[in-house]
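Chain and residue survey
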Amino acid sequence: MENNVIVYTSQGCPYCKKVKEQLTAWGIPFEERNVSENYEYFEELQQKKIFGTPATYINNKLVLGFQEAKMRKLLNLPDDFEAPKTEAASQAKNGEIQDESGIFQSVDQKILDEVYDFVTIGGGPAGASAAVYAARGRLKTLVIDKAPAAGTLAITHKIANYPGVREELTGLELLQRMQAQAHDFGATFVRTNVLSVDFSDPEIKKLEVAEGTIKAKSVFIAVGAKAPSSKIKGEEEFTGRGVSYCSTCDAAFFQDRTVIVTGDNEEAVHEAESLSKFCKEVRFLIPTGTLKGQADLSKLETKDNVKIYKKYRVKEILGENSVEKAVIQTDQKELETWDIDGVFLYLAGMKPGTDFLKDAVSRDIEGYVNVDDMLQTNVPGVFAGGDARRTPIKQAVLSAADGAIAALGADAYVNNRSQLRPQYS
Ligand SMILES: Cc1cc2nc3c(=O)[nH]c(=O)nc-3n(C[C@H](O)[C@H](O)[C@H](O)COP(=O)(O)OP(=O)(O)OC[C@H]3O[C@@H](n4cnc5c(N)ncnc54)[C@H](O)[C@@H]3O)c2cc1C
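Residues numbered from 1 in each chain as written. Predicted model: local features only at pLDDT ≥ 70, side-chain atom pairs only at ≥ 80, totals over all residues. Heavy atoms only, no water.

1. Remarks on the overall build of the chain
Heads up, the rule is: Counting from the N terminus, the helices are the DSSP runs of H or I reaching at least four residues and the strands are the DSSP runs of E reaching at least two. Note on method: radius of gyration uses C-alpha positions; expected globular size equals 2.2 Å times residues raised to 0.38. The cut-offs for exposure are 20% and 50% of the maximum accessible area for each residue type, with area from a 1.4 Å probe on protein chains only; residues under the lower value are buried, those over the upper are exposed, and the others partly exposed. Contact definition: two residues touch when any of their heavy atoms are within 4.5 Å.
In terms of helices and strands, the chain carries 13 helices and 22 strands. Computed over C-alpha atoms, the radius of gyration of the chain comes to 23 Å, within 12% of the 22 Å expected from 2.2 N^0.38 for 425 residues, which places it in the range of a compact globule. Each principal axis of the C-alpha distribution contributes one length, and for the chain these read about 65 × 55 × 40 Å. Expressed as a percentage of the 425 residues in the chain, the buried residues total 49%. Within the chain, counting contacts between residues at least 6 apart in sequence, those at least 24 apart form 62% of the total.

In structure tokens:
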């Protein structure tokens, strides 16, 4: 049976892109209805009480957000489904659509046969910068990334503080510049997930991926740190029906409405600012009472339709078909129920993605990799940096600096030198 698939998308919505890429990779034709370009589509969704994109209808069944397993199930695709070899499908499979840059390739036998001088697990700013230095230092360099457009920098929608970059860039654009630079110096990029590692052989470190074993003389662990998956009661149920994570995607659905924005980071502040241009009222809840990093409230404080609540938390989200109320814990630890139309969540608590390392290297109680001043772990030739090691501040420029240090350390290790050799000119 031919599937009937309709994807409602909006401009600048990263999850819409993922849905389209996944369908393309599976070779499933779909009709795209862009709500930012066509007001009729926008109204269609509102009538269905859907206040977010992507909203995908597969044979009249709705999937909100990017849910690969649910889409697969509704399309009746078996787990071992092999997409037909159309050009678009193979492009998507190779990550060329998602990565746009076309730098990432899939793991082939040639890659599995090679012994790389330097392999970085993670192609974020730490991994990409390390690859620039390593490849330029003539190390045979491989960058492995499981989801090049989903790392912390890649999903940051605006970078304003990366030195030397004055124009407005998205995190992904900045990252792709770094990756392209490393690629120009000869680094190879593959898209796959490192499932486990074996560092027991001091000469050849082994990285297990679904396609086989990748071999390296030195390794840089640059897997970043992401949010834990603890959810607010009602969050999952109302995602796309008033719960959102992206004002660029969904702000228009909340024109003249009242929304909660909650978080304690720069992104939350920025999103509250954007929403204040659309909404009747934005209630900005800072659960911890203080903002992280460089985020500041000065602009928000000047807006008449923004109210700031410190030490207030969203405990539960309630409604019939869409969000109608939220249960709030106040700064006095009392519970209140507010009438609201939407909840925008930016509660990114950091947790390093290092579980796959198990005991191969020493990690602290929260999973951050322990390193010395030169970012070497307890295993000679294995380095770690960026958000995957414990740092007081998490910023792209610091991760990039870590990449440089690790690559120079790896260069000394691989070439059996006792001194680091800086790269001038
Ligand atoms: C909301 C938000 C806004 C931010 N804004 C700014 C800002 O304005 N300016 C700034 O300087 N910094 C900002 N940061 C911080 C910055 O994004 C991070 O410090 C930086 O991206 C960390 O770099 P990284 O390379 O260590 O990790 P990441 O950027 O997270 O990259 C890690 C990569 O590793 C890959 N990976 C993970 N596990 C595996 C595996 N097992 N196998 C293969 N690949 C794997 C991931 O797919 C990912 O691409 C922001 C962070 C957040 C959360």
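After that view of the structure, there is still more to cover.
2. Details of helix 2 (residues 39-47)
In an α-helix, one full turn covers 3.6 residues, which means residues spaced three or four apart are oriented alike. Here is the rule: Relevant arc is that of directions from the helix axis to the C-beta atoms, nothing else. We define a polar contact as two N or O atoms separated by no more than 3.5 Å, with the added condition that, inside protein, one atom must be a possible hydrogen donor and the other a possible acceptor, whereas residues neighbouring each other in sequence contribute only through side-chain atom pairs.
Of all the residues in helix 2, the buried ones are Y41, F42 and L45. The buried side chains of helix 2 occupy one side of the element, clustering within an arc of 105° when seen end-on. Turned more than 90 degrees from where helix 2 packs its buried face, Y39, E40 and Q47 sit exposed. On the buried face of helix 2, the contacting elements are strand 1 (5-9), strand 2 (31-34) and strand 3 (55-58). Backbone nitrogen of E40 and a side-chain oxygen of the N-cap are separated by 2.9 Å at the start of helix 2; the cap is N38. Backbone geometry just downstream of helix 2 places K49 in the positive-phi region, at approximately 60°.

3. Considerations on the packing of helix 7 (residues 125-136) against helix 8 (residues 171-184)
Note the following rule: A fitted line through C-alpha atoms serves as each axis, taken over the contacting stretch for helices, and the angle formed by two N-to-C directions is quoted from 0 to 180°. Roughly parallel covers angles under 35 degrees, roughly antiparallel covers those over 145, roughly perpendicular covers 65 to 115, and oblique covers all other angles. For any pair of crossing helices, the crossing counts as left-handed if the nearer helix is rotated counterclockwise from the farther one by less than a right angle, and right-handed if it is rotated clockwise. Gly is placed with the polar residues, together with every amino acid not listed as nonpolar (Ala, Val, Leu, Ile, Met, Phe, Trp, Tyr, Cys and Pro) or charged (Asp, Glu, Lys and Arg).
Contact geometry of helix 7 with helix 8 gives a least axis separation of 8 Å together with a crossing angle of 25°. Between helix 7 and helix 8, the interaxial angle falls into the category roughly parallel. Regarding helix 7 and helix 8, the two cross each other, and that crossing is left-handed. Listed contacts from helix 8 to P125, A128, A131, V132 and A135 of helix 7 are L175, M178, Q179, Q181 and A182. Taken together, the residues of the contact of helix 7 with helix 8 break down into 8 nonpolar, 2 polar and no charged.

4. Re the sheet that holds strand 16 (residues 306-310)
For sheets, the rule is that strands pair by backbone hydrogen bonds, running either parallel or antiparallel. Under the convention used in this document: A pair of strands is considered paired only if DSSP assigns at least 2 bridges between the two.
Reading across the sheet, the 5 strands line up as 13-20-14-15-16 and stay open at both edges, with parallel pairing between neighbours. Strand pairing shows two members of the sheet lacking a second neighbour, strand 13 (243-244) and strand 16, which therefore form its edges. One ladder, built from 5 bridges, connects strand 15 (residues 281-286) with strand 16; its direction is parallel. Residue I286 lies in a different strand from strand 16, and its bridge partner there is K310. Where helix 11 (residues 266-276) meets the sheet, its contacts fall on strand 14 (258-263), strand 15, strand 16 and strand 20 (342-346), and the angle it forms with strand 15 comes to roughly 170°.

5. Details of the nonpolar core
A general tendency of soluble globular proteins is for nonpolar side chains to be buried together. Stated precisely, the cut-off is as follows: The criterion is simple. A nonpolar core is a set of buried Ala, Val, Leu, Ile, Met, Phe, Trp, Tyr and Cys residues joined through side-chain atoms within 4.5 Å. Residue ranges for the domains trace back to a domain assignment, done automatically or taken from a database.
Core analysis: the biggest nonpolar cluster contains 31 residues, and Y8, V259, V261, L275, V282 and F284 have the highest contact counts within it. Looking at this core, the element that brings in the most residues is helix 11, giving 4 residues. Each of two domains, domain 1 (5-93) and domain 3 (243-346), supplies a minimum of three residues to this core. Residues contacting L275, with those up to four places away along its chain left out, are S247, A251, V259, V261, V282 and F344. Counting residues in hydrophobic clusters, the runner-up holds 25 residues, among them I111, L142, A216 and I221.

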